[in-house]
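# Chain and residue survey
Listed here are the chains, written in short residue letters.
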Amino acid sequence: MERILSGIKPTGQLTLGNYIGALKNFSKVQYEGETFIFIADLHALTLPIDPEVLRNNSRDVAAYYIAAGLDPKHTTIFLQSDNPSHSELAIILQNYLYMGELSRMTQFKDKSQKMKEEAIGLGLFAYPVLMASDIVIYDAKRIPVGEDQVQHVELARDLVKRFNNRYGDVLVMPKAEMVKVGARIMSLSDPTKKMSKSDPKGDIYLSDSLEVMRKKIMSAVTDMGREIKYDVENKPGISNLMTILSSLTGKSFQEIENEFVGKGYGDFKRAVADAVINEMTPFKARYEEVIKSGEIDKILADGASRARKVSELTLKRVQKAIGLYNK
Ligand code: ATP
Ligand code: MG
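Going along each chain's sequence as written, the residues are numbered from 1 onward. The order in which chains are written sets their letters, starting at A; the order in which ligands are written sets their numbers, starting at 1. Selection of residues for local features in this predicted model requires a pLDDT of at least 70, selection of side-chain atom pairs for listing and counting requires 80 or more, and totals for whole chains, interfaces and linings are taken over all residues. Note that water and hydrogens are dropped before the side-chain values are worked out from all heavy atoms of the structure.

## A short note on the overall build of the protein chain
Definition in use: By the criteria applied, helices consist of DSSP H or I runs no shorter than four residues and strands consist of E runs no shorter than two, each listed in order from the N terminus. Our radius of gyration looks at C-alpha atoms and nothing else; its globule reference is 2.2 Å times the residue count to the power 0.38. Accessibility here uses a 1.4 Å probe with only protein chains present; expressed as a share of the type maximum, an area under 20% marks a residue as buried, one over 50% as exposed, and anything in between as partly exposed.
Check the secondary structure of the protein chain and you find twelve helices and five strands. Compactness check: the protein chain gives a C-alpha radius of gyration of 21 Å against a globular reference of 20 Å for 327 residues, within 12% of the reference. On the principal axes, the C-alpha backbone points of the protein chain span a range of 75 × 45 × 40 Å. A buried classification covers 52% of the 327 residues belonging to the protein chain.

## A look at the layout of surface pockets
Heads up, the condition is: Cavity and pocket criteria rest on a 1 Å grid covering protein atoms alone: a 1.4 Å probe that fits but cannot get out defines a cavity, protein on both sides within 12 Å along at least 5 of 7 lines defines an open pocket, and an atom within 4 Å of a point defines a lining residue. Grid points are joined across faces, edges and corners, and a volume is the space filled by probe spheres set on the points. Under the convention adopted here, Pro, Cys and the residues Ala, Val, Leu, Ile, Met, Phe, Trp and Tyr are nonpolar, Asp, Glu, Lys and Arg are charged, and Gly plus all remaining residues are polar.
Empty space within the largest pocket amounts to approximately 1300 Å³. Along the walls of the largest pocket sit 46 residues, with Q107, K111, D148, K194 and S196 positioned nearest its centre. Its residues placed into classes, the lining of the largest pocket shows 16 nonpolar, 17 polar and 13 charged. For the second largest pocket, the calculated volume is near 460 Å³.

## Comments concerning the site of ligand 1
The condition that has to hold: To be near a molecule or strand, a residue needs just one of its heavy atoms within 4 Å of it. We define a polar contact as two N or O atoms separated by no more than 3.5 Å, with the added condition that, inside protein, one atom must be a possible hydrogen donor and the other a possible acceptor, whereas residues neighbouring each other in sequence contribute only through side-chain atom pairs. In this description, accessible areas are obtained by the Shrake-Rupley approach with a 1.4 Å probe, and a residue is regarded as covered only by the protein chains that are shown. In this scheme, a molecule is assigned to a cavity or pocket if more than half of its atoms are within 2 Å of the grid points.
Close to ligand 1 lie 21 residues, the nearest being T11, D148, K194, K197 and S198. A distance of 3.3 Å separates a nitrogen atom of ligand 1 from a polar backbone atom of G17. With respect to ligand 1, the backbone of G146 contributes an N or O atom lying 2.9 Å from an oxygen atom. When ligand 1 sits alone it has 590 Å² of accessible area, and the protein chains cover 98% of it. With respect to the detected pockets, ligand 1 is housed in the largest pocket. Ranked by residues supplied to the shell around ligand 1, first place goes to helix α1 (residues 16-29) with four residues.

## Thoughts on the side chain of Q149
Selection criterion: A contact between two residues is defined here by any heavy atoms of the two lying within 4.5 Å.
Mapped onto the fold, Q149 is located in the loop between β4 (142-144) and α7 (150-167). Here Q149 is in contact with Q107, Y127 and M131, once residues within four sequence places are set aside.

## Comments concerning the nonpolar core
Generally speaking, soluble globular proteins have nonpolar side chains that are buried together. Formally: The set of buried Ala, Val, Leu, Ile, Met, Phe, Trp, Tyr and Cys residues whose side-chain atoms join them within 4.5 Å is what this entry labels a nonpolar core.
Residues L23, Y65, I244 and F268 are the most contacted members of the largest nonpolar core, which totals 51 residues. Those elements that provide at least two residues to this core are α1, β2 (34-39), α2 (51-67), β3 (76-79), α8 (210-218), α9 (236-249), α11 (265-293) and α12 (296-322). In contact with F268, other than residues within four places in its own chain, are I228, I238, L241, M242, L245, I256 and F260.

## Here we look at the packing of aromatic side chains
The condition is simple: Centres within 6.5 Å make a pair out of two Phe, Tyr or Trp rings, where for Trp the six-membered ring is used; the pair is then stacked when the planes are under 30 degrees apart, edge-to-face when over 60, and tilted otherwise.
This model, assessed by the stated rule, comprises 13 aromatic pairs. A centroid spacing of 4.7 Å and a plane angle of 25 degrees characterise the contact between F36 and Y138, whose relative ring orientation is stacked. On the criterion of sequence distance, the pair formed by F36 in strand β2 and Y138 in the loop between α6 (122-136) and β4 is long-range, its members being 102 residues apart. With respect to burial, F36 and Y138 carry one shared label: buried. Ring pairing ties together the aromatic residues Y19, Y64, F283 and Y287, which thus form one cluster.

## Some words on the pattern of salt bridges
The cut-off we apply is this: The salt bridge definition used is simple: a Lys or Arg side-chain nitrogen within 4 Å of an Asp or Glu carboxyl oxygen.
Tallying each qualifying case throughout the model produces 16 salt bridges. As a salt-bridge pair, D190 and K193 come within 3.6 Å of each other at their nearest N and O atoms. Between K251 and E259 there is a salt bridge, with its nearest N and O atoms 3.1 Å apart. The exposure class assigned to K251 is partly exposed, which follows from its relative accessible area of 31%.

## Quick look at the packing of α1 against α11
The condition that has to hold: Note on geometry: axes are lines fitted to C-alpha atoms, helical ones only across the stretch in contact, with angles between N-to-C directions running from 0 to 180 degrees. Any angle between 65 and 115 degrees counts as roughly perpendicular, while under 35 counts as roughly parallel, over 145 as roughly antiparallel, and the rest as oblique.
Where α1 meets α11, the axes come as close as 13 Å, and the angle between the chain directions of the two elements is 70 degrees. By the angle class used here, α1 and α11 are roughly perpendicular. Residue-level inspection shows L16, Y19, L23 and K24 of α1 in contact with α11, the latter providing V276, E279, M280 and F283. Its residues assigned to classes, the contact of α1 with α11 comprises six nonpolar, no polar and two charged.

## Brief notes about the environment of L324
On the secondary structure map, L324 appears in the segment after α12. Residue contacts for L324: discarding those within four places in its chain leaves I92 and Q319.

## Observations regarding the pairing of strand β1 (residues 3-8)
The two faces of a sheet get side chains in turn, since along a regular strand they alternate between them. Applied cut-off: By definition, two strands form a pair when at least two bridges between them are found by DSSP. Looking down the strands as they point away from the viewer, one classifies a crossover as right-handed if the path from the first strand across the helix to the second runs clockwise.
With five of its six residues buried, β1 lies for the most part within the structure. As defined by bridge partners, β1 adjoins β2 across six bridges and the pair is classed as parallel. The residue bridging I8 from the neighbouring strand is I39, located in β2. In terms of handedness, the path from β1 via α1 over to β2 forms a crossover that is right-handed.

## Notes on the environment of D274
Among the secondary structure elements, D274 is positioned in helix α11. The exposure class assigned to D274 is partly exposed, which follows from its relative accessible area of 42%. Taking the C-alpha atoms as reference, D274 lies 55 Å from A321; in sequence the two are 47 residues apart.

## Some thoughts on the pairing of β2
Of all six residues that make up β2, five are buried, and the element is covered over most of its length. Relative to β3, β2 runs parallel, the two being bridged by four bridges. Residue pairing across strands places F36 opposite T76, the latter belonging to β3.

Structural data, given as structure tokens:
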């Protein structure tokens, strides 16, 4: 059975982008292998975050995983910080990734852009090292992510190649995989920018009420003209809404275009809002149930102990391969 691994950072309220590009897909692929889905709380520390907010967000991400259909009996759901092997391996792996390649990472450039160099944390820079560790510690082969994380998985691949060239076949080669439609949902207020939970402009939050979701979609930025057509360059706003509609309904872009011939943006946006609400109504209800069930802590504790069992073996293998004494 191949191992599948992914995670979400508890940095803020999850967005519709996280839902379409990550969450929904996790629950779809989970039974195709032995699946590990974690809450990336150590990664959430790479930018300042209030302790109480981090704690609440972490619980929320866990609840959203289960609400989205992740099955804790099959899928190992856990907190990154509950398994120290990730961090231990990262200390080793940091010696096999280089300053040059880390400084070329888009996420690092984006997130450090507005900061003074002396205020940029080392953790933000070294983020891909810990992420590579998250992946290889489980010998994971399939890494379902949104488009923005593919670059980090590619770097993890470079690291595995470099490491194995030196020490033999020690680490398993991972591969990023994306949803066909919706791997990069854009902001509703600026459809040239990714919808991000840490950048509140143009987001739909999973915690928004259904009415707020509808309002946000109805007031999404659209483009010149009145045609419903998938054309990212000239119609980024409409194309983004079409992507949302297509990913939630399974309709192709062509089918959507045909359906809205001769109709205006208003009709189209109403259909997008209906699809979002249709999807979110049961999902939000399940989220409330999970929060009330009081089961989250037990699921996370079980997950952590399952995760540790697997990762300890990899850590030993790596320690031995590189010559740590008595391992
Ligand atoms: P942050 O701003 O803190 O980086 P984020 O919204 O980018 O938040 P992450 O925790 O970095 O969320 O990413 C979790 C998963 O969601 C990743 O697989 C990522 O690729 C995916 N993802 C994030 N934003 C989008 C988006 N707009 N469309 C599709 N997938 C997304
Ligand atoms: Mg991100």
